[in-house]
Amino acid sequence: MLKQTEGSRAVAEAVALCRPEVICAYPITPQTHIVEALGESVKSGALAPCEFINVESEFAALSVAIGASAAGARSYTATSSQGLLFMAEAVYNAAGLGLPIVMTIGNRAIGAPINIWNDHSDSMSMRDAGWIQLYAETNQDAVDLHIQAFRLAEELSCPVMVCMDGFILTHAYDRVDIPGQAEVDRYLPGYEPRQVLDPAEPISIGAMVGPEAFTEVRYLAHHKQLRALELIPQLAADFSRRFGRDSGGLLRSYRTEDAETIVVALGSVISTIREVVDEARAAGMRVGAVSLVSFRPFPLAQLRAVLAHARRVVVLEKCLAVGLGGIVSDGVRKSLSGIQLKGYTVIAGLGGRAITRASLHRLLEQAVRDTLEPVTFLDLNTEVVQRELERERASRRTGPTAENILRQVGTVAAGIG
């Protein structure tokens, strides 16, 4: 059914169609509307049988999901930013225990300084925790990826994060096709857990493992991710056959067949990048774009096949590895082992800064001329940075950097929002 709705509400409807039996959540912007809508559905009886559990923290939210999943219930939660960091121990536990929990991440910057706007710092911080990570480009993507995520998680007995850009998607109103319950039921079978706590057949889950077996346990978690590289495209193809639209998969390429310069990105920014690619093509530039849907597992071979004939690759990242530069770039470099082309990392959109078509055009022009720095900060205000560096050189007691910069740019925290 086509409807105009907020991204968060659309995701809540998609999750409800997957018939979760336990939903546990603690509200944090910009994820709140998702769990609010699910709570309303449980309270009204529209989503039944399902228990919605209000908890005292994000750590408790995922801990309850772990317990519910281990007891044999299809379990779901959602979080953002500091909330994901607060549940970090449980994030690793869920993956280590092999529990098929689905969790939405409303991507948001991590403080300090405090920032509620979008970038990918939160989910990237958990990239090696053992969860599959899928990134949505649009709200339709977010709906479809959640339906696929439950099936993927349960076939592998592995938790899955579906990441959608905070505010850009979560609070945007779009026309979205919400499937019917019967369609989802045919695609997503009833939950049959691979492991379950049952008083009639007592077992231990999460026992201590020493050096004699820990490597083997971790290898098997790695093996699940490798299996996901095969399973994710299969589930996407099945989804396409049943629902009549392409969605999911490992990556999507756009006008890359003869491209000399290819931009790699993930999340909602790829829509703007495609527009810029079309405009650059009209001006005679041979450029293309790749959208990574699956970041964990990272599709090394598939990306290598797309980039193999290009002359340069520009990785646009909405996250920063402080002291290094790129995070996504690391996977891209691994995929290009042995291939001679120029590679650039561009850090953009941190803390919700707009990534404009004009900035992307300038970026592409520099890339084509090979005048980009190996690590570039898109639209960095170098004058502000230099003044702050001069302040640090001139005085030992410089005061807090964030507040100093806000004064320079003429913005105060109380005036934002």
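Analysis parameters
- Residues numbered from 1 in each chain as written.
- Predicted model: local features only at pLDDT ≥ 70, side-chain atom pairs only at ≥ 80, totals over all residues.
- Heavy atoms only, no water.
- Helix = DSSP H or I, 4+ residues; strand = E, 2+ residues; numbered from the N terminus.
- Rg over C-alpha atoms; globule rule 2.2 N^0.38 Å.
- Buried < 20%, exposed > 50% of the residue type's maximum accessible area, 1.4 Å probe, protein only.
- Contact = heavy atoms within 4.5 Å.
- Areas by Shrake-Rupley, 256 points an atom, 1.4 Å probe, with all protein chains shown as cover.
- Lys, Arg positive; Asp, Glu negative; His and termini not counted.
- Charge placed at Lys NZ, Arg CZ, Asp CG, Glu CD.
- Pairing = 2+ DSSP bridges.
- Axes fitted to C-alpha atoms, helices over the stretch in contact; angles between N-to-C directions.
- Core = buried A, V, L, I, M, F, W, Y, C linked by side-chain atoms within 4.5 Å.
- Parallel < 35°, antiparallel > 145°, perpendicular 65-115°, else oblique.
- Left-handed = near helix turned anticlockwise from the far one by under 90°.
- Nonpolar A, V, L, I, M, F, W, Y, C, P; charged D, E, K, R; others polar.
- Patch = residues over 30% accessible without salt bridge, like charges linked within 9 Å, V, L, I, M, F, W, Y side chains within 5 Å.
- Salt bridge = Lys/Arg side-chain N within 4 Å of Asp/Glu carboxyl O.
- pLDDT = per-residue confidence, 0-100.

With that settled, the discussion passes to the overall build of the chain. The number of helices and strands found in the chain is 15 helices and 15 strands. For a compact globule of 417 residues, the expected C-alpha radius of gyration is about 22 Å, and the chain comes in at 22 Å, within 12% of that figure. Every one of the 417 residues in the chain was classed for burial, and the buried ones make up 52%. Of the contacts made within the chain by residues no fewer than 6 positions apart, 80% connect residues no fewer than 24 positions apart. For the chain, the exposed area adds up to about 19100 Å²; of that, 53% sits on carbon and sulfur atoms. Across the chain, the centroid of the 40 positively charged side chains sits 5 Å from that of the 47 negatively charged ones.

With that settled, consider the sheet that holds strand β9 (residues 251–254). As summarised here, the arrangement of the 6 strands in space is β9-β11-β10-β13-β14-β15, forming an open sheet in which the pairing is mixed. Each edge of the open sheet is held by one strand with a lone partner, namely β9 and β15 (375–377). In this sheet, adjacent strand axes meet at a mean angle of 20 degrees when their direction is disregarded.

Our next topic: the nonpolar core. A general trend in soluble globular proteins is that nonpolar side chains are found buried together. Core analysis: the largest hydrophobic core is formed by 51 residues, its most contacted members being Leu-38, Tyr-76, Ile-132, Ile-147, Leu-152 and Val-160. Tallying contributions element by element places helix α7 (residues 139–156) first for this core, with 9 residues. With residues near it in sequence (within four places) discarded, Leu-38 still touches Ala-12, Val-15, Ala-16, Ile-23, Leu-47, Phe-52 and Tyr-76. Membership of the second largest hydrophobic core comes to 49 residues, among which are Ala-73, Leu-292, Ala-310 and Val-328.

The next point concerns the packing of helix α3 (residues 58–70) against helix α5 (residues 88–96). Interhelical geometry of α3 versus α5 gives an angle of 20 degrees and a closest axis separation of 8 Å. Here α5 runs roughly parallel to α3, going by the angle between their axes. Viewed along their axes, α3 and α5 form a crossing whose handedness is left-handed. Every residue of α5 that contacts α3 at Phe-59, Leu-62, Ser-63 and Ile-66 is listed here: Glu-89, Ala-90, Val-91, Asn-93 and Ala-94. Considering only residue class, the contact of α3 with α5 consists of 6 nonpolar, 2 polar and 1 charged.

Along the polypeptide, Thr-256 turns up in the loop between β9 and β10 (261–265). Excluding anything up to four places from it in sequence, Thr-256 contacts Ile-262, Gly-288, Ala-289, Val-290 and Val-306.

The next point concerns a nonpolar patch on the surface. There is a patch of nonpolar side chains on the surface, built from Leu-350, Phe-377, Leu-380, Val-385 and Leu-389 and spanning about 360 Å² of accessible area. By the secondary structure assignment, Leu-380 is in the loop between β15 and α14 (382–394).

Moving on, we get to the environment of Gly-267. For Gly-267, the location among the structural elements is in the loop between β10 and α10 (269–282). Classification of Gly-267 by relative accessible area gives buried; the value is 2%. Between the alpha carbons of Gly-267 and Ala-221 there is a distance of 25 Å; along the sequence they are 46 residues apart. Dropping the residues within four chain positions of it, Gly-267 is found in contact with His-120, Tyr-135, Ala-136, Glu-137 and Asp-165.

We now examine the packing of helix α1 (residues 7–17) against helix α2 (residues 32–44). Between α1 and α2, whose axes approach to 8 Å, the crossing angle comes to 45 degrees. Here α2 runs oblique to α1, going by the angle between their axes. Helix-helix and strand crossings are classified by hand; for α1 and α2 the assignment is right-handed. Contact residues: Ser-8, Arg-9, Val-11, Ala-12, Val-15 and Ala-16 in α1; His-33, Ile-34, Ala-37, Leu-38 and Glu-40 in α2.

This paragraph deals with the pattern of salt bridges. Using the criterion set out here, one finds 26 salt bridges in the structure. Here Arg-245 and Asp-177 are joined by a salt bridge, their closest N and O atoms 3.0 Å apart. Of this pair, Arg-245 sits in the loop between α9 (214–243) and β9 while Asp-177 sits in strand β8 (residues 173–177); the two residues are 68 residues apart in sequence, bridging distant segments of the chain. Residue Asp-177 is classed as partly exposed on the basis of its relative accessible area of 24%. Here Asp-238 and Arg-242 are joined by a salt bridge, their closest N and O atoms 2.9 Å apart. Of the two residues, Asp-238 and Arg-242 are both situated in helix α9; the distance of 4 residues between them amounts to about one turn of the helix. Relative accessible area serves as the criterion here: at 10%, Asp-238 is assigned to the buried category. Looking at Arg-242, the relative accessible area reads 42%, which means it is partly exposed. Beyond isolated ion pairs, a larger network of salt bridges with shared partners links Arg-151, Glu-155, Asp-238, Arg-241 and Arg-242.

Now for the confidence of the model for the chain. Considering every residue of the chain, the mean pLDDT works out to 95; 98% of them sit at 70 or more. Taken together, the stretch residues 413–417 has pLDDT below 50 and engages in 3 contacts with residues farther than four places along the chain or on a different chain.

Let us look at the sheet that holds strand β12 (residues 294–296). Taken in spatial order, the 7 strands of this open sheet run β3-β2-β4-β5-β7-β6-β12, and their pairing is mixed. The open sheet has two free edges, formed respectively by β3 (51–54) and β12, since each of these has just one partner strand. Strand-to-strand twist of the sheet, defined as the mean angle between neighbouring strand axes without regard to direction, takes the value 20 degrees. Taken together, the 2 bridges between strand β2 (residues 22–25) and strand β4 (residues 75–79) define a ladder with parallel strand orientation. Bridge pairing in β4 links Ile-23 to Tyr-76.

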